[in-house]
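Below are the chains, spelled out letter by letter.
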Amino acid sequence: MTLVMKFGGTSVGSANAMRETAQLIQKTKQAWNQIIVVASGMGSKPIKITDLLLQGAYSAFDGDDNTYKEIADQMRRIHFETIDGLLEPEGERQKILAENQRFISHYEALCQAVCVLGELTPRALDAISGMGEQMSVPILAAYLRQEGIPAQAVDATNLIVTDNNFQSANPDFGLTTIKVQAALRPLLENNIIPIVTGFVGATPNGITTTLGRGGSDFSASILGQSIKANEVWIWTDVDGVMSADPRIVDNAVSIPVLSYREVSELAYYGAKVLHPKTMRPCIENNIPLRIKNTFNPTHPGTVIVDHKSNGNGGIKAVTGIKNLSMITVEGTGMIGIPGIAARTFSAVARTKVSVLLISQASSEQSICFAVPESQNETVVNSLRTEFAEEIKRRDIDSVWALHDVSIVTVVGAGMRGTPGVSGRIFSSMGEHHVNVIAIAQGSSECSISIVIDGDDTAAAISHIHNIILEL
Ligand code: ASP
Ligand code: MG
């Protein structure tokens, strides 16, 4: 039985965190014969090494020749303190210190080059931002060895082969599988735990790439597919995916089973669950993907499966996104004229702003959609330019934005088969004086979204959550 497990930045964020992670690895190893560990760069809130690396690079690009040096010092402090706290002086401490030091010096050299050249390419950004993982992983592996658990650090630039779409590279599963099998199989067979850098990969020519921010989750599922793992586990700090944000409702519960679709809807509507590309390799290869809590390791967490194995469904979670604007294009001259919607969304697409929800009145007199508040002006201007003629002719009366609205979304495949669910949601909103501005149902019929005044967000979420608990 093979298990791939991913630990995020907080799980390797300090000497103590690494100690606990190592214990968890050891325990899991006893239950599972073969395990592969993927780890992120160090990141104990609020400081994430990946953010620091990038911050230094951008400041160098702005001509600042100092900030990246301070950041290098800060990274030295963080990593060296962890190494000193974990590794015995007579063991591998010096070796790992030197290895980390080499990365930090290389970081400074790269940032200096960026500063001198005034150029920061996506390729350079990947070389720089991937270093967090390349520094944390050798520390964890050395500590495991010191504790008598055979482990080996593996740099994923030697495993995960990607295209050259820097900052969001796509894996080549064929080439990756060959490398993964060749490099990791022998380790597993010799009872050695591979500790692999998350987030990074490399082109076939060996140029470092990254899989996008938060991409260590994706690294785990790529390895899961390539090694034909029985399960992939993502360790985090909550008991899996929750029925609502525990900071908003105090009786949120962990959801035992979610389908791929449900998770996608949740992620789209603001729940930070997983890196969005993580699920596909698991779903396509029938590998259960589990989200588990490092602080409560015996809790089963949430398992994500394809929709066919999703049991009876039900409505499962409610989530919200705040700080949106609802933009409306309206006019009596729009009725029956084809192409208005297409032109509306082309004009939005040109601004590169993504639309979170769309709703059209059946009279065709208006189209409205939600975008992030910060971008509403750009979008409104683009629409006014697109429809300048129609506005002049009064076919379109106005293009306007309603500010400070939120989208609250209820997710659950069970809505399809359960009549009356939306009725209950709307009655509850009515009873509690939450005014519903617009409604949209996901075409997969596994979500309903309502647009409400931003001030009503917490109330709407907690009343809907009560319905979830009652059902
Ligand atoms: N360290 C990377 C990031 O901060 C990848 C990850 O943590 O998943 O985006
Ligand atoms: Mg993450």
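Given the structure is predicted, the values throughout are model-derived calculations rather than measurements.

A. Structural context of the packing of aromatic side chains. The full count for this structure, using the stated rule, is four aromatic pairs. Plain terms: the ring middles of Phe 7 and Trp 235 are 5.9 Å apart, the flat faces sit at 5° to each other, and that makes the pair stacked. On the criterion of sequence distance, the pair formed by Phe 7 in strand β1 (residues 2–7) and Trp 235 in strand β9 (residues 231–236) is long-range, its members being 228 residues apart. Summarising the burial analysis for this pair, Phe 7 and Trp 235 share the class buried. Taking the centre distance of 5.8 Å and the plane angle of 85° together, the rings of Trp 32 and Trp 233 count as edge-to-face. Separated by 201 residues along the polypeptide, Trp 32 in the loop between α1 (15–31) and β2 (34–39) and Trp 233 in strand β9 bring together distant segments of the chain. An aromatic cluster is present here, built from Phe 7, Trp 32, Trp 233 and Trp 235 joined pairwise through their rings.

B. How the structure looks around the sheet that holds strand β18 (residues 447–453). Strand order across the open sheet formed by six strands is β14-β15-β13-β16-β18-β17, with antiparallel pairing between neighbours. Both edges of this open sheet fall to β14 (357–360) and β17 (436–441), since each of them pairs with a single strand only. Going across the sheet, the axis of each strand differs from the next one's by a mean of 30°, ignoring polarity. With four bridges joining them, β14 and strand β15 (residues 366–372) adopt antiparallel strand pairing. Of the residues in β15, the one forming a bridge with Gln 360 is Ile 367. Against the sheet, helix α14 (residues 421–431) engages β16 (398–411), β17 and β18, with an angle of about 15° to β18.

C. The arrangement of the pairing of β18 in detail. When you tally the buried positions in β18, you get six out of seven residues, the bulk of the element. Where β16 meets β18, seven bridges bridge the pair, whose relative direction is antiparallel. What sits directly across from Val 408, in β18, is Ile 450. Bridge analysis of β17 against β18 gives five bridges, and the strand direction is antiparallel. Opposite Val 436, over in β18, you have Ile 452 as the bridge partner.

D. Region of the structure containing the packing of helix α2 (residues 49–61) against helix α3 (residues 67–86). Relative orientation of the contacting elements α2 and α3 amounts to 160°, with a least axis distance of 8 Å. By the criterion of interaxial angle, the relationship of α2 to α3 is roughly antiparallel. For the pair α2 and α3, the crossing hand works out as left-handed. Residue-level inspection shows Ile 49, Leu 52, Leu 53, Gln 55, Gly 56, Ser 59 and Ala 60 of α2 in contact with α3, the latter providing Thr 67, Tyr 68, Ile 71, Gln 74, Met 75, Ile 78 and His 79. Looking at the contact of α2 with α3 residue by residue, the classes come out as eight nonpolar, six polar and no charged.

E. Representation of the sheet that holds β1. The sheet built from eight strands is open, its strands ordered β5-β6-β2-β1-β9-β11-β12-β10 with mixed pairing. At either margin of the open sheet sits one strand with a lone partner, and together these are β5 (151–154) and β10 (257–259). If you compare each strand with its neighbour and ignore which way they point, the axes differ by 25° on average. Here β1 runs beside β2; their pairing, made up of six bridges, is parallel. Paired with Phe 7 across the strands is Ala 39, a residue of β2. Helix α8 (residues 216–227) contacts β1, β2, β6 (193–197) and β9 of the sheet and is inclined by roughly 170° relative to β1.

F. Up close: a nonpolar patch on the surface. A surface patch of nonpolar side chains, amounting to about 230 Å² of accessible area, comprises Trp 400, Leu 402 and Ile 437. By the element assignment, Leu 402 lies in strand β16. Given a relative accessible area of 32%, Leu 402 falls into the partly exposed group.

G. Structural view of helix α12 (residues 376–386). Residues of α12 that are buried include every one of Asn 376, Val 379, Val 380, Ser 382 and Leu 383, and no others. For α12, the angular spread of buried residues about the axis comes to 160°, placing them on one side. Away from the buried face of α12 by more than 90 degrees, exposed residues Glu 377 and Thr 385 are located. Buried residues in α12 make contact with β13 (317–330), α11 (340–350), β15 and β16.

H. Highlighting the site of ligand 1. With respect to spatial proximity, the complete set of residues near ligand 1 consists of Ser 40, Lys 48, Thr 50, Glu 133, Phe 199, Arg 213, Gly 214, Gly 215 and Ser 216. A distance of 3.3 Å separates an oxygen atom of ligand 1 from a polar side-chain atom of Ser 40. Between ligand 1 and the protein, one listed contact pairs an oxygen atom with a side-chain N or O atom of Lys 48 at 3.1 Å. Here ligand 1 has 260 Å² of accessible area as a free molecule, and 96% of this is covered by the chains. Considering only residue class, the shell around ligand 1 consists of one nonpolar, five polar and three charged.

I. Inspection of α14 at higher detail. The complete set of buried residues in α14 reads Val 421, Ile 425, Ser 428 and Met 429. Taken down its axis, α14 places every buried residue within 100° of arc, on the same side. In this structure, the buried side of α14 is in contact with β16, β17, β18 and α15 (457–470). Positioned one or two residues after α14, His 433 has a phi angle of 60°, which is positive.

J. Structural context of the pattern of salt bridges. Going through the model one piece at a time under the given rule, you end up with 20 salt bridges. With a closest N to O distance of 3.3 Å, Asp 237 and Lys 45 form a salt bridge. Taken together, the positions of Asp 237 in the loop between β9 and β10 and Lys 45 in the loop between β3 (43–44) and β4 (47–48) put the pair 192 residues apart, joining distant regions of the chain. Overall, the relative accessible area of 66% leaves Lys 45 in the exposed class. Through salt bridges with shared partners, a single network forms among Arg 343, Arg 350, Glu 386 and Glu 390.

The rules behind each value
Residues numbered from 1 in each chain as written. Chains lettered and ligands numbered in written order. Predicted model: local features only at pLDDT ≥ 70, side-chain atom pairs only at ≥ 80, totals over all residues. Heavy atoms only, no water. Phe/Tyr/Trp six-rings, centres within 6.5 Å; stacked < 30°, edge-to-face > 60°. Helix = DSSP H or I, 4+ residues; strand = E, 2+ residues; numbered from the N terminus. Buried < 20%, exposed > 50% of the residue type's maximum accessible area, 1.4 Å probe, protein only. Pairing = 2+ DSSP bridges. Axes fitted to C-alpha atoms, helices over the stretch in contact; angles between N-to-C directions. Contact = heavy atoms within 4.5 Å. Parallel < 35°, antiparallel > 145°, perpendicular 65-115°, else oblique. Left-handed = near helix turned anticlockwise from the far one by under 90°. Nonpolar A, V, L, I, M, F, W, Y, C, P; charged D, E, K, R; others polar. Patch = residues over 30% accessible without salt bridge, like charges linked within 9 Å, V, L, I, M, F, W, Y side chains within 5 Å. Areas by Shrake-Rupley, 256 points an atom, 1.4 Å probe, with all protein chains shown as cover. Salt bridge = Lys/Arg side-chain N within 4 Å of Asp/Glu carboxyl O. Arc of directions from axis to C-beta. Near = heavy atom within 4 Å. Polar contact = N/O pair within 3.5 Å; in protein donor to acceptor, adjacent residues only side chain to side chain.

Interpretation note: all reported values are geometric properties and have no functional meaning in isolation.
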